[in-house]
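What follows is the residue order along each chain.
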Amino acid sequence: MEEFRKQAENTLKAKLTKVGLEISPKENGREGVDFIVKSENGKQSEIFLQAMDLIAQQSSKVPKEKLGEPNENLWVALIGFIPEKEPLIFLIPSKTLVKPDGFVFFENNVGLHTYLSNWEIKVFIKGMEQLGEYIIYNQIENFK
């Protein structure tokens, strides 16, 4: 999975830089942030990176403990890989996760073992229409 993680980082950096955004690794601050994205006008957003092997996995779980409290400036970058295909990049506002729909987005609370609680994002053919709303080119304006 580390191989996908590195690929996801490089893919995200290249795509965001190409559209004129500055992306840099988080140096300090809250745990659930991997990158800081800045626009030319100074708007700043935070990104939690989640890589996914779309052949081996049907969903991706975002640990609540790692992501922290969802807010307006926090995004989940879900990057899915299929061999010999262009990676799929979804930019999902973290606030979307707190209103699970039971179709694509789910909330899994694990009682006494809160460290196991997560938000789950299912990636499957029938859910692509809904997930398409979050594909990178539909969300990039929210970062500017």
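Scoring rules and cut-offs
- Residues numbered from 1 in each chain as written.
- Predicted model: local features only at pLDDT ≥ 70, side-chain atom pairs only at ≥ 80, totals over all residues.
- Heavy atoms only, no water.
- Helix = DSSP H or I, 4+ residues; strand = E, 2+ residues; numbered from the N terminus.
- Rg over C-alpha atoms; globule rule 2.2 N^0.38 Å.
- Buried < 20%, exposed > 50% of the residue type's maximum accessible area, 1.4 Å probe, protein only.
- Contact = heavy atoms within 4.5 Å.
- Areas by Shrake-Rupley, 256 points an atom, 1.4 Å probe, with all protein chains shown as cover.
- Lys, Arg positive; Asp, Glu negative; His and termini not counted.
- Charge placed at Lys NZ, Arg CZ, Asp CG, Glu CD.
- Phe/Tyr/Trp six-rings, centres within 6.5 Å; stacked < 30°, edge-to-face > 60°.
- Lys NZ or Arg CZ within 6 Å of the ring centre and 35° of its normal.
- Core = buried A, V, L, I, M, F, W, Y, C linked by side-chain atoms within 4.5 Å.

Trainee: For the overall build of the chain, give the residues involved together with the corresponding values.
Mentor: Along its length, the chain carries five helices and eight strands. Its helices and strands taken in sequence order, the chain reads α-β-β-β-β-α-β-β-α-β-β-α-α from the N to the C terminus. A globule of 144 residues ought to have a C-alpha radius of gyration of about 15 Å, and the chain, at 15 Å, matches this closely. The C-alpha extent of the chain, read off along each of the three principal axes, is 40 × 35 × 30 Å. For the chain, buried positions account for 44% of its 144 residues. At a minimum sequence separation of 6, the contacts of the chain that also span at least 24 residues come to 57%. Accessible area for the chain stands at about 8300 Å²; split by element, carbon and sulfur atoms hold 49% of it. Counting 18 positive and 21 negative side-chain charges, the chain places the centres of these two groups 1 Å from one another.

Trainee: So what's going on with the environment of Leu67? Residues and values would help.
Mentor: Along the chain, Leu67 turns up in helix 2 (residues 64-67). A C-alpha to C-alpha distance of 17 Å links Leu67 and Glu9, two positions 58 residues apart in sequence.

Trainee: Run through the packing of aromatic side chains, naming residues and quoting values.
Mentor: A ring pair, where both rings are aromatic, is described by two values, the distance of the centres and the angle of the planes. Counted under the stated rule, the structure contains four aromatic pairs. Ring plane angle 40° and centroid distance 4.6 Å describe the contact between Trp75 and Phe143, whose orientation is recorded as tilted. Pair noted here: Trp75 is in strand 5 (residues 74-81) and Phe143 is in the segment after helix 5 (136-139), with a separation of 68 residues, a long-range link. Each member of the pair, Trp75 as well as Phe143, is classed as buried. Cation over ring: Lys64 sits above Trp119, and NZ or CZ is 4.9 Å from the ring centre.

Trainee: Kindly report on the nonpolar core, identifying the contributing residues and their values.
Mentor: Of all hydrophobic cores here, the largest spans 21 residues; its most connected members are Leu67, Val76, Ile92, Phe105, Ile121 and Leu131. Broken down by secondary-structure element, the contributors of at least two residues to this core are strand 3 (44-53), strand 5, strand 6 (88-93) and strand 8 (118-122). Here this core takes three residues from strand 5, the largest share from any one element. Leave out the neighbours within four places in its chain, and Phe105 touches Ile92, Thr96, Leu97, Pro100, Glu120, Ile121, Gln130, Leu131 and Tyr134. Counting residues in each nonpolar core, the second largest holds 20 residues, with Val37, Leu49, Phe81 and Ile89 among its members.

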